[in-house]
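Listed here are the chains, written in short residue letters.
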Amino acid sequence: MSRFPKVGVLAAWFLAAAGVVAQDPRLPAPKDGSSYWLPPRFSEAYVPLEIDGLWNNIMVVVTITSIVVYGIFLWCMVAYRKKEGQKALFTHGNHTLEIVWTIVPAGILVWLAFAQMPAWRQMKVPQDFPTDKNQLRLEIFAQQFAWNFRLPGNDGKFESFLSDKARADAKKWLKENTEGGIDDPSDPSAPGRIFEDAIPTMPKLRDSGKYWDNADDDDILSAGSLVVPANRVVRADMRSVDVIHAFYIPSARFKQDAVPGKPMDIHFTMSRVTHKLDEKDPTKLVALYYDDVWVDGVKQEGQRRDFVLEIACAELCGGNHTKMGAKLFVLSESDWDKWNQAMSAKAAGENDRKNDQNVWRLWNNQDKVRPWERMLPPVPKYPGE
Amino acid sequence: MLLQSGHDTHHKQSFFSTYVWSEDHKMIGKQFMFTALLMYAVGGLLALGVRGQLGWPETAGKFINPIFGWSGDKVPGEGYNMLFTMHASVMIFLVIIPMLNGAFANYVVPLQIGARDMAFPFLNALSYWTYVPAILILASSFFVEGGSGQGGWTSYPPLAEKQWTPGTGQTLWLIGAFTAGASSIMGAVNYITTIVKMRAPGMSFFRMPMTTWAIFITAILQLFSTPVLGSALLMQTTDRVFGSSFFIPDGLAVSGNPVTGIAGGGQVLMWQHIFWFYSHPAVYIMILPAMGIVSDVMACFARKPIFGYKPMVYSIGGIAGLGFVVWGHHMFSSGMNPFLGMTFMVSTMFIALPSAVKTFNWLGTLWGGQITFSSAMLNALSFVTMFVIGGLSGIFCAATSVDMHIHDTYFIVGHIHYVLFGGTTFGIFAGITYWFPKMFGRYMNEGLGKLHWFITFVAFNCVFFPMHILGSQGMMRRVADPYNYEYLKPMLGLNRFMSISAFVLGAAQIIFVFNMLWSMKKGRKVESDNPWKSNSLEWQTPTPPPHGNFPGPVPTVYRGPYEYSSPQVAEDYLPQTTKLPGDSA
Ligand code: HEM
Ligand SMILES: [Cu+2]
Ligand SMILES: [Cu+2]
């Protein structure tokens, strides 16, 4: 049989394949982690780089140790099987050996202890946080079973949740409708009892709708998706309103529990852009990468989906814990600026209160001071506060 | 002066006082052993439920839901939470701790130190009869409205508080754990007193076998840490029952509605501190006795003295001491003060050291030995090899910044199973096989023993090693359906493989239990009181040992327990009781 048809089929197949690629503007999702074990990394910031480096170093230590230990072990298994009539080596120990195998691991462990401190400090100690001026500040509210995000919008400030009138009305409503369960925070006889911001949770109040109007509010609220610029430090005030949750970004090696009653000051930085803006609508995002589709453990040949980074809840938080994920979109800085403007203008323009209620009712002011305000020059008071 | 309880006179025992309310440490030991084995089956089945769900999230509910009376086709999230919560609670509070510090401590310690019984036989029986209600209470939680505990074995508030987990199941969990703790404290008091006061003439501390040493130090750990857990459990109980708010801060919401009717002002992290102040020592409570057991078994079947007996003892002591100052390594991501985190990291690094020293000493014990691969020995050797993996994975967890990636993922689940199953459980198999002839006068069947060991060893690694991969890839623990996340969808295949291996692993345990029960009646009879040719005292008394343990006077001890292959005698063992010319107690 001549060779020609084969080559023809091959060429046709090749052209077809190229055609598919040409039609799909997306690229295959990057799979590169810094090691076989770790998932792809989308952050080139100091901390995740350091974590991956440490991981690899520990892996080297552990591999060498295993080879030595299992080597000796297997040698013993083979060489010292029982032989009739022979006696074992009679020894109770060896001081030199004992000292060596105490000192050597001790040295390695001390080295490890010191090697990981810088990353830990930059991750957790506010004084050691990155000092970039252009940090993006946002607020994260965890709730059973959703992640809610609030970005300050164009004016760079977080607006109050309720208009002044709404507050006054709500207090009145509470006084009339609850039996002393909820105290007025401005009442000096009941200090420390704070439920003012749980007000929107009162069903009747919530449903009346009119309390939500606050014209100068341009904060961007979203549940379940977070849009951040690449290469800017994202600094968040994270709270939980019910149980403990944990904010986990595997691709940035980032994890922090959201602890009720204890606001957390956190930061992370994403580096690899995953989305760009839709050319027509700057509030819409378009994926840069595609990834495989898996159904019931089987890869679906020929199918593709938009690739998007995921945020997970890593701390057991109840029956739907498993569904408490969120999506993370990373834009280039200029794209993000445009997106921010568009979203913020939209938020200020329309009365989006109905949508926002869900996020608002999470707000509780166990601690009115956002953590970074203790470290940085005071920000102007929010209207209505 | 040594104290001896008066069991010299043999009086006739009724069925009730022999098998039910027995104050004989040997019978209590057996009671603990069989009860814990029963619980091992329960805990194992719960684990298979967990694995079933992770392997077949769409279909597992069809099989699991009818058992528990849950509605729907898929396992409900709350149901899944119950499965893993009760799996861990049963395994920890009702299997491992009672097996090591109930069964082995009771059966072996008085025999090994040459005591006629425990110092407080009544308290000893009470300890068992407190363990039984603990089981009943925990088990009953499955039958109440809202189901059993579902906050994980760690039961972190606020989730575990009644506002978020209503129903009596969680309260029963607290009371059950409290009761198990009480049983554990009673045992600990007994072991410490017995070991300090009732050793045979010549049995100095540094002539005690490793099992006794390990149980001694474990008992001290239990005595100091368990009451602290008790206080935490009580506080959460009063939160749930009487409406206090030790662990509930102000301003929280339930399904978006504010929590009312409580004082508030509680501290969420306080629970974690108190809980881990117990539960870190508890992980050592769950392994130190097994380390003692495998040391004894390995010396016996390698016919060699333990390499570095004193360093081994000091390592156990070091682990116990450091064990009290490392609890914060479970809280690296909890938001506690980062400088506190750093100190916990340093202390945790150091606790890996005695573990390393022990491993090297076990290797030293094998070196130059005359090794017989009996089924007891195979299990003991598996302890060592698997514990190495568990210890090394601990280093990843101890490195604070690395832990930020793997905390609360399957990596941790891998770590704990390599130490607790790969370690402790193999140690338990080794111990049962080793002391079985003394308990029942018959050997366990070697063929079945080896078959069980082989399947268990292979299946164990197939189930638990991949957990490290899943965890480092970012698969969280305690999620009912990980495949809700796109990035975890490709992991279903691996999970299914692990689940299948888990069923094999579970089935293999039937072999062990069958072997035990069958061998009790039909096993090969021992030809002597010292079938393994061991040195320690439990083998120098009739089989099974009589009431009062030693006929006639208590034996006198002339040397340490590990004089295997001593050049002083022709045989390759030299019992602690043999008096050679020139020996004095
Ligand atoms: C070699 C020394 C060891 C080190 C350095 C070590 C370190 C750690 C660390 C840092 C954690 C917390 C990880 C996390 O949740 O992010 C942990 C968890 C744990 N370790 Fe170890 N470990 C060691 C040995 C052991 C041993 C011997 C046992 C038990 C027999 C054990 C049992 C556990 C258990 C049960 C947990 C998990 C508890 C839970 O969250 O449910 N570890 N270990
Ligand atoms: Cu969660
Ligand atoms: Cu620990």
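Residues numbered from 1 in each chain as written. Chains lettered and ligands numbered in written order. Predicted model: local features only at pLDDT ≥ 70, side-chain atom pairs only at ≥ 80, totals over all residues. Heavy atoms only, no water.

A. Structural detail: the packing of helix 6 (residues 169-197) of chain B against helix 7 (residues 210-242) of chain B. Residues and elements named next belong to chain B. Contact geometry of helix 6 with helix 7 gives a least axis separation of 8 Å together with a crossing angle of 155°. Looking at the two axes, helix 6 sits roughly antiparallel to helix 7. The two elements helix 6 and helix 7 meet at a crossing, and its hand is left-handed. Split by residue class, the contact of helix 6 with helix 7 holds 20 nonpolar, ten polar and one charged. (Axes fitted to C-alpha atoms, helices over the stretch in contact; angles between N-to-C directions. Helix = DSSP H or I, 4+ residues; strand = E, 2+ residues; numbered from the N terminus. Parallel < 35°, antiparallel > 145°, perpendicular 65-115°, else oblique. Left-handed = near helix turned anticlockwise from the far one by under 90°. Nonpolar A, V, L, I, M, F, W, Y, C, P; charged D, E, K, R; others polar.)

B. Geometry of the confidence of the model for chain B. Residue-level pLDDT values for chain B average 92, and 97% of them are 70 or greater. What the predictor reports for the complex is a pTM of 0.89 with an ipTM of 0.92. (pLDDT = per-residue confidence, 0-100.)

C. Summary view of the sheet that holds strand 4 (residues 220-223) of chain A. Residues and elements named next belong to chain A. The five strands lie next to each other as 4-3-2-6-9, forming an open sheet whose pairing is mixed. Single-partner strands in this sheet number two, and they are strand 4 and strand 9 (264-269). Here the strands of the sheet are splayed against their neighbours by 25° on average, with no regard to which way each runs. Bridge analysis of strand 2 (residues 136-143) against strand 3 (residues 146-151) gives five bridges, and the strand direction is antiparallel. Of the residues in strand 3, the one forming a bridge with Ile140 is Phe149. (Pairing = 2+ DSSP bridges.)

D. Broad picture of helix 15 (residues 446-472) of chain B. Residue and element names in this part refer to chain B. Under the 1.5 Å per step criterion, the end-to-end length of helix 15 is 39 Å for 27 residues, consistent within 8% with the ideal 39 Å. Along helix 15, the helix axis deviates most sharply at Cys462, where the bend reaches about 25°; the proline Pro466 sits within four residues downstream. Structurally, the start of helix 15 carries an N-cap: the backbone nitrogen of Gly447 is 2.8 Å from a side-chain oxygen of Asn445. Following helix 15 by one or two positions, Gly474 has its phi on the positive side, about 100°. (Expected span 1.5 Å × (residues − 1). Bend = angle between axes of the 7 residues up to and from the residue. Polar contact = N/O pair within 3.5 Å; in protein donor to acceptor, adjacent residues only side chain to side chain.)

E. Just the coordination of the copper ion (ligand 3), in detail. Protein coordination at the copper ion (ligand 3): the donors are His280 of chain B (ND1), His329 of chain B (NE2) and His330 of chain B (NE2), at 1.8 to 2.0 Å from the metal. Judged by its relative accessible area of 14%, His329 of chain B is buried. (Donors = N, O, S within 2.8 Å, 3.2 Å for Na, K, Ca; no water. Buried < 20%, exposed > 50% of the residue type's maximum accessible area, 1.4 Å probe, protein only.)

F. A look at the coordination of the copper ion (ligand 2). Residues and elements named next belong to chain A. Only Cys313 (SG), Glu315 (O), Cys317 (SG) and His321 (ND1) from the protein reach the copper ion (ligand 2) as donors, at distances of 2.1 to 2.7 Å. One can describe the site at the copper ion (ligand 2) as irregular: its four donor atoms subtend angles covering 83 to 137° at the metal. Spacing between the donor residues of the copper ion (ligand 2) along their common chain follows C-x1-E-x1-C-x3-H. (Tetrahedral: all angles 85-135°; square planar, octahedral: opposite > 155°, others 65-115°.)

G. Fine view of helix 4 (residues 117-124) of chain A. Helix 4 of chain A sits mainly inside the fold: six of its eight residues count as buried. Among the residues of helix 4 of chain A, those classed as buried are Met117, Ala119, Trp120, Gln122, Met123 and Lys124 of chain A. Residues of helix 4 of chain A that are buried make contact with helix 2 (46-79), helix 3 (95-115), strand 8 (254-258) and strand 9 of chain A together with helix 11 (338-366) and helix 13 (400-406) of chain B. (Contact = heavy atoms within 4.5 Å.)

H. Inspection of the domain arrangement of chain A at higher detail. All names here are of chain A. Domain parsing of chain A yields domain 1 (46-79 + 95-127), domain 2 (133-156 + 218-374) and domain 3 (162-211). Of the residues lining the interface, six residues belong to domain 1; the matching set on domain 2 comes to five residues. Summing the contributions of domain 1 and of domain 2, the shared interface buries around 560 Å²; its carbon and sulfur component is 44%. Of all residues in domain 1, the largest losses of buried area upon contact with domain 2 belong to Pro48, Met123 and Lys124, amounting jointly to 51% of the total for that side. In this structure, the connection of domain 1 to domain 2 is made through one salt bridge. When the shortest N-O distance is used, the salt bridge between Arg253 and Asp52 registers 2.7 Å. Connecting domain 1 to domain 2 are three residue pairs in polar contact (both at pLDDT 80 or more). Looking at the side of domain 1 that touches domain 2, the elements that each hand over two or more residues are helix 2 and helix 4. Considered class by class, the residues forming the side of domain 1 that touches domain 2 number three nonpolar, one polar and two charged. (Domains from an automatic or database assignment. Buried area = accessible area lost by both parts, 1.4 Å probe. Salt bridge = Lys/Arg side-chain N within 4 Å of Asp/Glu carboxyl O.)

I. Here's a closer look at the pairing of strand 14 (residues 309-313) of chain A. All names here are of chain A. Of all five residues in strand 14, five are buried; the element is thus mostly enclosed. Burial of strand 14 is two-sided: the residues Leu309, Ile311 and Cys313 facing one way and the residues Glu310 and Ala312 facing the other way are all buried. Pairing geometry for strand 7 (residues 245-249) and strand 14, over two bridges, is antiparallel. Bridge assignment links Tyr248 to a residue of strand 14, and that residue is Ala312. Pairing geometry for strand 14 and strand 15 (residues 326-331), over three bridges, is antiparallel. Residue pairing across strands places Leu309 opposite Leu328, the latter belonging to strand 15.

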